[in-house]
Amino acid sequence: LFPVIFLIVSAVIKITSPGPIFFKQKRNGLNGKEFWCYKFRSMKVNKDADKIQATLNDPRKTKFGNFMRKTNIDELPQFINVLLGDMSLVGYRPNVSDLIDWSDEAYLRLLCMRPGITGYAQVYGRSNNTYESAMEKNTRYLRDASFGTDLKLIFLTAARVFGGAAEAN
């Protein structure tokens, strides 16, 4: 389905907002290595895109961008990152390189694994997490990582995306 979705989403982005189809941002992954994280562009092109995280009612978001974010369609290009070996399907969410607190020992422990498209913090809170609660969930994944945990998190993510399911507790 990715090629069909890619073509449709690309066309809508181009028709509704000038600028590139993809938004790319430097993130840090395994062993702190920087990589380009790809997403479908959900905001108007702006100079603060790499400096200021998006908020719920961010005026920079396009109408279609709002839809993509609610349905997680904007995250689909990260499967390219998985194919490139920069990310995994499940793990912690990689932070923006410029926003990392390199003195945070909990975050540094996460760098022993690849970041993921989904994980505990996405299934249990997503953007409603504070930094502290997201870190707690990310370090929980580090402790609980297994094939069974990955399957559970992939299933819960699919249920949220395709079924509009409420967040798990």
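Coordinates for the structure precede this section.
Scoring rules and cut-offs
Residues numbered from 1 in each chain as written. Predicted model: local features only at pLDDT ≥ 70, side-chain atom pairs only at ≥ 80, totals over all residues. Heavy atoms only, no water. Helix = DSSP H or I, 4+ residues; strand = E, 2+ residues; numbered from the N terminus. Contact = heavy atoms within 4.5 Å. Polar contact = N/O pair within 3.5 Å; in protein donor to acceptor, adjacent residues only side chain to side chain. Buried < 20%, exposed > 50% of the residue type's maximum accessible area, 1.4 Å probe, protein only. Arc of directions from axis to C-beta. Phe/Tyr/Trp six-rings, centres within 6.5 Å; stacked < 30°, edge-to-face > 60°. Lys NZ or Arg CZ within 6 Å of the ring centre and 35° of its normal. Core = buried A, V, L, I, M, F, W, Y, C linked by side-chain atoms within 4.5 Å. Salt bridge = Lys/Arg side-chain N within 4 Å of Asp/Glu carboxyl O. Patch = residues over 30% accessible without salt bridge, like charges linked within 9 Å, V, L, I, M, F, W, Y side chains within 5 Å. Areas by Shrake-Rupley, 256 points an atom, 1.4 Å probe, with all protein chains shown as cover. Expected span 1.5 Å × (residues − 1).

(A) Main features of the environment of Tyr-120. Examined against the element boundaries, Tyr-120 turns out to sit in helix H5 (residues 120–123). In the structure, Tyr-120 is positioned 20 residues away from Arg-140 in sequence and 7.8 Å away in space, judged by C-alpha atoms. The residues touching Tyr-120, leaving out its near neighbours within four places in the chain, are Lys-137, Arg-140, Tyr-141, Asp-144, Thr-149 and Leu-153. There is a polar contact of 3.2 Å between the side chain of Tyr-120 and the side chain of Asp-144.

(B) Region of interest: helix H2 (residues 63–71). Taken as a whole, H2 has its buried residues at Phe-64, Gly-65 and Met-68. Seen from one end, H2 has its buried residues packed into an arc of 100 degrees, which puts them on one side. Every exposed residue of H2 that faces more than 90 degrees away from the buried side is listed here: Lys-63 and Lys-70. Buried-residue contacts for H2 involve helix H1 (2–16) and strand E2 (34–40). The positive-phi residue at the C-terminal boundary of H2 is Asn-72, with phi of around 65 degrees.

(C) Region of interest: the packing of aromatic side chains. With the rule as written, the count across this model stands at eight aromatic pairs. Every member of this aromatic cluster is reached through a ring pair, and the members are Phe-6, Phe-22, Tyr-38 and Phe-40. The ring of Trp-36 has Lys-24 sitting right over it, with the charged end atom 4.3 Å from the ring centre. Positioned above the aromatic ring of Tyr-124 is the side chain of Arg-140, whose terminal nitrogen or guanidinium carbon lies 5.6 Å from the ring centre.

(D) Structural view of the nonpolar core. Membership of the largest hydrophobic core comes to 15 residues, with the highest contact counts inside it found for Tyr-92, Tyr-107, Tyr-124, Tyr-141 and Leu-153. Looking at this core, the element that brings in the most residues is helix H4 (residues 105–110), giving three residues. With sequence-adjacent residues up to four places away left out, Tyr-107 is seen in contact with Asn-28, Tyr-92, Pro-94, Asn-95, Ile-100, Tyr-131 and Met-135. Residues Phe-64, Met-68, Ile-73 and Leu-76 belong to the second largest nonpolar core, which totals seven residues.

(E) Region of interest: the pattern of salt bridges. Following the criterion strictly, the structure yields seven salt bridges and no others. A salt bridge links Lys-39 to Glu-75; its shortest N-O distance comes to 3.4 Å. Within this pair, whereas Lys-39 is found in strand E2, its partner Glu-75 is found in the loop between H2 and helix H3 (78–84), the two being separated by 36 residues in sequence. The same class applies to Lys-39 and to Glu-75, which are both buried.

(F) Up close: a nonpolar patch on the surface. Side chains of Phe-2, Ile-80 and Leu-84 sit close together on the surface and give an oily, nonpolar patch of about 240 Å² of accessible area. Position of Phe-2 among the secondary structure elements: in helix H1. Given a relative accessible area of 31%, Phe-2 falls into the partly exposed group.

(G) Inspection of helix H7 (residues 147–163) at higher detail. With 17 residues, H7 extends 23 Å between its outermost C-alpha atoms, agreeing within 8% with the 24 Å of an ideal straight helix rising 1.5 Å per residue. Among the residues of H7, those classed as buried are Thr-149, Leu-153 and Leu-156. The arc that holds every buried residue of H7, seen down its axis, measures 65 degrees, which confines them to one face. Away from the buried face of H7 by more than 90 degrees, exposed residues Phe-147, Phe-155, Phe-162 and Gly-163 are located. Elements in contact with the buried residues of H7: strand E3 (88–90), strand E4 (116–118), H5 and helix H6 (131–144).

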